[in-house]
Amino acid sequence: MSIEFFVERFPSERPIGPRVVHWQPPIYFVMRSATTRRDPIELEIFKNIYHSIAEEMGAALRRTAFSPNVKERRDYSCAVFNSDGEVIAMGDHMPVHLGSMPMSVRAAIEQFDLEAGDVVMLNDPFRGGMHLPDITLVAPVYVRSKDSRQRAKNLRPDFYVASRAHHSDVGGAYPGSMGLCREIYQEGLRIPPMRIMRAGKMRSDVLALLLNNVRTPLEREGDLGVQIAACHTGAERLHEICSRYGLERTQKAARELLDYSEEMMRAFLEQVPSGIYGAEDFLDNDGISAKAVKIAVTLRLAGQVRDRPSRRSWAGRAVRVDFTGSDPQVEGSVNAVEAITYSACFYVFRCLLAEDVPATAGLMRPIEVIAPRGTVVNACAPAAVAGGNVETSQRIVDVLLRALAQALPERIPAAASGTMNNLTIGGIDPRTNEPFAYYETIAGGMGARPSKPGVSGVHTHMTNSLNTPTEALEYAYPLRVRKYSLRIGSGGSGKYCGGDGMVREIEALADAEVTLLADRHERGPYGLAGGKDGAPGRVIVIREDGSSQEFPGKFNVRLRKSERIRIETPGGGGWGE
């Protein structure tokens, strides 16, 4: 029998650096008596071992990456999975990547019987991917020999590892592959699950097919190579821990981590008042028409439910997250696929727990997600989806937090900037006479919290990236940063003020095609408990003759040499009167 103690704890302040700051409300954690069979010390050891493997994979990827997008902005993610394809450890990387990565692993498993040395590549949003620039590599890890696996009648890999990186160009109509498209065929090269390596050897034909359809083939080849190296690093570390502790003990610990995560989530959810909580929020538009795009959610919290659910049954679930009522999929590129919606739900509920709770697939066992097919939160082919990954994911988080604020009013922050401000600039670099493609997301203001103000100039929620340093940007591209500062006064007022957004002004040193996918330009991030909304975003193009023109949040424009684009990102909402 176990004894449970529920303890309320507030997170300590951390030094604020350039990386994302995720606000974590007070959490409840479970301390179990020593009468349980699970060894808490061994569980903690293995939790940190698995997490360190995912982190080392990410470090290997970052340190050897070719593109500034991966090397400087850290737009990548790595994770470790058990033999069933369930995630058992994630690096502290991109939330929008990590919550959806299990679907990529599942797609690879369903497509192939993977052997040692195989690596599967995919980016198809409708088969486990997210949007086309995010290319995922999945590799099996075999610890046992083939003979021993045949004797055990289990030919599956013992583990899987996966790495995902945002490639700054995968072809398509616009440099950077993040344009205002109407169908996915315009957005770039769509890759179903396919082997890029077979028995340890690169498939040169598959690689050539990819490289011949992108604007920056050397950069793409380099980043794919380091993704493979990251998977190799993960596989090597798994071999090492199995050699030290034994495969059976190592896999048993992985199963216990899944169960432990589930228990921690259930323990928290039991403290949330039962009831039905609804909310809705809007994207400004889809980039094609001016009509706002609605995202609606209903949270049904059932209180104490101890039984483990079946895969298709509501019985045993503690929470149902239902997006029925959201708008149908739209003509523009803000459609989100199911993996993105699931990822946003994973992120929000993970944030409600203690930081030391393992981020495994077990967290979602008590939670059912309903995303009606054909809506903006579960789009069908051939919908354009480039902005769904980066913009709609943020709005899904906003609407989930707005609903949770009704159940936990003293624990949920006001809305953060709510947009990743996706800027792409492409053209011909006069220094090399070769194409270039620059991509970046730009930080905004964090929403104020119930106990303190929001942080200014940070990437929040579904993004966990950095801004490209000025020196790296100007070295790699024919661009010049003219201004980079906080947007003072853009945070919403209240008892606690929202964080301020950013101002980033970039000058083109060569003729270039510019695309912006941003949101919260029509209505600012919402405040809570009487706090005021944050300032909406704003973008201005400054022409060679000194004239300026304001543009909407989603647009494409041609810049001549010496012309500039200035992006002013939204501030966070305020909290309290």
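So, here's what we can say about the structure. (Residues numbered from 1 in each chain as written. Predicted model: local features only at pLDDT ≥ 70, side-chain atom pairs only at ≥ 80, totals over all residues. Heavy atoms only, no water.)

## Examining the overall build of the chain
Note the threshold: Think of it this way: any DSSP run of H or I at least four residues long counts as a helix, any run of E at least two long counts as a strand, and we number them from the N terminus. Working definition: with a 1.4 Å probe on protein chains only, accessible area under 20% of the residue-type maximum means buried, over 50% means exposed, and in between means partly exposed. Between two residues, a contact is recorded if the distance between any of their heavy atoms is within 4.5 Å. Per-residue accessibility takes into account occlusion by the displayed protein chains alone, with areas from the Shrake-Rupley method and a 1.4 Å probe.
Assigned secondary structure in the chain consists of 11 helices and 22 strands. Sorting the 577 residues of the chain into buried and exposed places 61% on the buried side. Looking at the chain alone, contacts between residues at least 24 apart form 74% of all its contacts between residues at least 6 apart. In the structure as shown, the chain presents an accessible area of about 22,000 Å², 49% of it carried by carbon and sulfur atoms.

## Points about the side chain of E368
To keep it simple, the criterion reads: Each polar contact in these results corresponds to two N or O atoms within 3.5 Å; when the atoms are within protein, one needs to be able to donate a hydrogen and the other to accept it, and residues that are neighboring in sequence are counted only if both atoms are side-chain atoms.
Relative to the helices and strands, E368 is located in strand 13 (residues 367–370). Given a relative accessible area of 15%, E368 falls into the buried group. In terms of polar contacts, E368 uses its side chain to reach the side chain of R320, at 2.9 Å.

## Some thoughts on the packing of helix 7 (residues 217–245) against helix 8 (residues 247–269)
Operational definition: Here an axis means a line fitted to C-alpha atoms, over the contact stretch when the element is a helix, while the angle between two N-to-C directions is reported on a 0 to 180 degree scale. Orientation categories follow fixed angle ranges, with anything under 35 degrees roughly parallel, anything over 145 roughly antiparallel, 65 to 115 roughly perpendicular, and all other angles oblique. Polar here means any residue other than Ala, Val, Leu, Ile, Met, Phe, Trp, Tyr, Cys and Pro, which are nonpolar, and Asp, Glu, Lys and Arg, which are charged; Gly is therefore polar.
Put simply, helix 7 and helix 8 touch, their axes get as near as 7 Å, and they point 115° apart. In terms of axis orientation, helix 7 runs roughly perpendicular to helix 8. When helix 7 is examined against helix 8, the residues I241, C242 and Y245 are found in contact with a partner set consisting of L247, R249 and T250. For the contact of helix 7 with helix 8, the per-class residue count stands at four nonpolar, one polar and one charged.

## What to know about the sheet that holds strand 4 (residues 87–90)
Where we set the bar: When DSSP locates at least two bridges between a pair of strands, those strands are taken to pair.
An order of 4-3-7-6-5-8-9 is seen for the seven strands of this open sheet, with the pairing classed as antiparallel. Two strands in the sheet have a free side with no partner beyond their single neighbour: strand 4 and strand 9 (201–202). Bridge analysis of strand 5 (residues 119–122) against strand 6 (residues 134–141) gives three bridges, and the strand direction is antiparallel. In the sheet register, L122 faces strand 6, and the bridge partner there is T136. Strands strand 3 (76–82), strand 4 and strand 7 (159–166) of the sheet are contacted by helix 1 (residues 40–64), whose axis makes an angle of about 145° with strand 3.

## Quick look at the packing of helix 9 (residues 338–351) against helix 10 (residues 386–407)
How we decide: Left-handed describes a crossing whose near helix is turned anticlockwise from the far helix through less than a right angle; right-handed describes the clockwise counterpart.
At their nearest, the axes of helix 9 and helix 10 sit 9 Å apart, and the two run at 45° to each other. On the basis of the axis angle, helix 9 is oblique to helix 10. In this structure, helix 9 meets helix 10 at a crossing whose hand is right-handed. Taken together, the residues of helix 10 that come into contact with helix 9 (itself represented by I340, T341, A344, C345, Y347 and V348) are G388, N389, S393, I396, V397, L400, L401 and L404. When grouped by side-chain class, the residues that make up the contact of helix 9 with helix 10 number 10 nonpolar, four polar and no charged.

## A short note on the sheet that holds strand 20 (residues 548–551)
Here five strands make up an open sheet; going across it, the order is 16-17-22-19-20 and the pairing antiparallel. Each end of this open sheet is capped by a strand with a single partner; those strands are strand 16 (479–487) and strand 20. The average angle at which neighbouring strand axes cross in this sheet is 15°, direction not considered.

## A look at the nonpolar core
Here is the rule: Here, nonpolar core refers to any group of buried Ala, Val, Leu, Ile, Met, Phe, Trp, Tyr and Cys residues whose side-chain atoms link them within 4.5 Å.
Counting 134 residues, the largest nonpolar core has Y50, V321 and F323 as the members making the most contacts within it. The dominant element in this core, judged by the number of residues it contributes, is helix 10, at 11 residues. Counting residues in each nonpolar core, the second largest holds 25 residues, with Y438, L473, V539 and I567 among its members.

## Overview of helix 6 (residues 204–211)
Worth spelling out the cut-off: Summarising the geometry, the arc corresponds to the directions from the helix axis toward the C-beta atoms.
Taken as a whole, helix 6 has its buried residues at V206, L207, L210 and L211. Looking straight down helix 6, one finds that the buried residues subtend no more than 130° of arc, so they occupy a single side. Contacts from the buried residues of helix 6 go to strand 5, strand 8 (194–198), strand 9 and helix 7.

## Quick look at the packing of aromatic side chains
Using the following cut-off: Working definition: rings of Phe, Tyr and Trp (its six-membered ring) pair if their centres are within 6.5 Å, and the pair is stacked with planes under 30 degrees apart, edge-to-face with planes over 60 apart, and tilted otherwise. The criterion for a charge sitting over a ring is simple: Lys NZ or Arg CZ within 6 Å of the ring centre, and within 35 degrees of the ring normal.
With the rule as written, the count across this model stands at six aromatic pairs. With a centroid separation of 5.3 Å and an interplanar angle of 65°, the aromatic rings of Y438 and Y477 are classed as edge-to-face. With Y438 in strand 15 (residues 434–440) and Y477 in the loop between helix 11 (470–476) and strand 16, the pair connects residues that are 39 residues apart, well separated along the chain. With relative accessibility at 5%, the residue Y477 sits in the buried group. Against the face of Y526 rests R402, its NZ or CZ located 4.2 Å from the ring centre. The lysine or arginine in question, R504, covers the ring of Y484, its NZ or CZ lying 4.3 Å from the ring centre.

## Side note on helix 10
Note the following rule: One fewer than the residue count of a helix, multiplied by 1.5 Å, yields its expected span. Take the seven residues that end at a residue and the seven that start at it, fit an axis to each, and the angle between those axes is the bend at that residue.
Compared with an ideal rise of 1.5 Å per residue, which puts 22 residues at 32 Å, helix 10 spans 33 Å between its outermost C-alpha atoms and is within 8% of the ideal. T392 marks where helix 10 bends most, by close to 35°. Extensive coverage of helix 10 is indicated by the burial of 20 of its 22 residues.

## A short note on empty space enclosed by the protein
As a reminder, the rule being used: Cavities and pockets were defined on a 1 Å grid built over protein atoms only: a cavity is a set of grid points that admits a 1.4 Å probe from which the probe cannot escape, a pocket is an open set flanked by protein on both sides within 12 Å along at least five of seven lines, and lining residues are those with an atom within 4 Å of any such point. Grid points are joined across faces, edges and corners, and a volume is the space filled by probe spheres set on the points.
Under the definition given, this model contains five cavities of 30 Å³ or more. By volume, the second largest cavity is sized at about 60 Å³. Along the walls of the second largest cavity sit 14 residues, with D75, M94, V390, M420 and Y439 positioned nearest its centre. Per-class residue counts for the lining of the second largest cavity are five nonpolar, six polar and three charged.

## Examining unusual backbone geometry
Here the amide bond leading from A381 into P382 is cis, since omega sits at 5°, within 30 degrees of zero. Not every positive phi belongs to a glycine, and R520 is a case in point at roughly 60°. Taking the relative accessible area as the measure of exposure, R520 reaches 1% and is therefore buried. Residues other than glycine seldom take positive phi values, yet S562 does so here, at roughly 80°. Residue placement: S562 occurs in the loop between strand 21 (554–559) and strand 22 (564–568).

## What to know about the pairing of strand 20
Sheet topology note: the strand 19 (residues 538–542)/strand 20 ladder contains four bridges and is antiparallel. In the strand pairing of strand 20, I542 is matched with S548. Hairpin connection between strand 19 and strand 20: a loop of five residues separates the two successive antiparallel strands, and G546 in this loop has a positive phi of roughly 95°.

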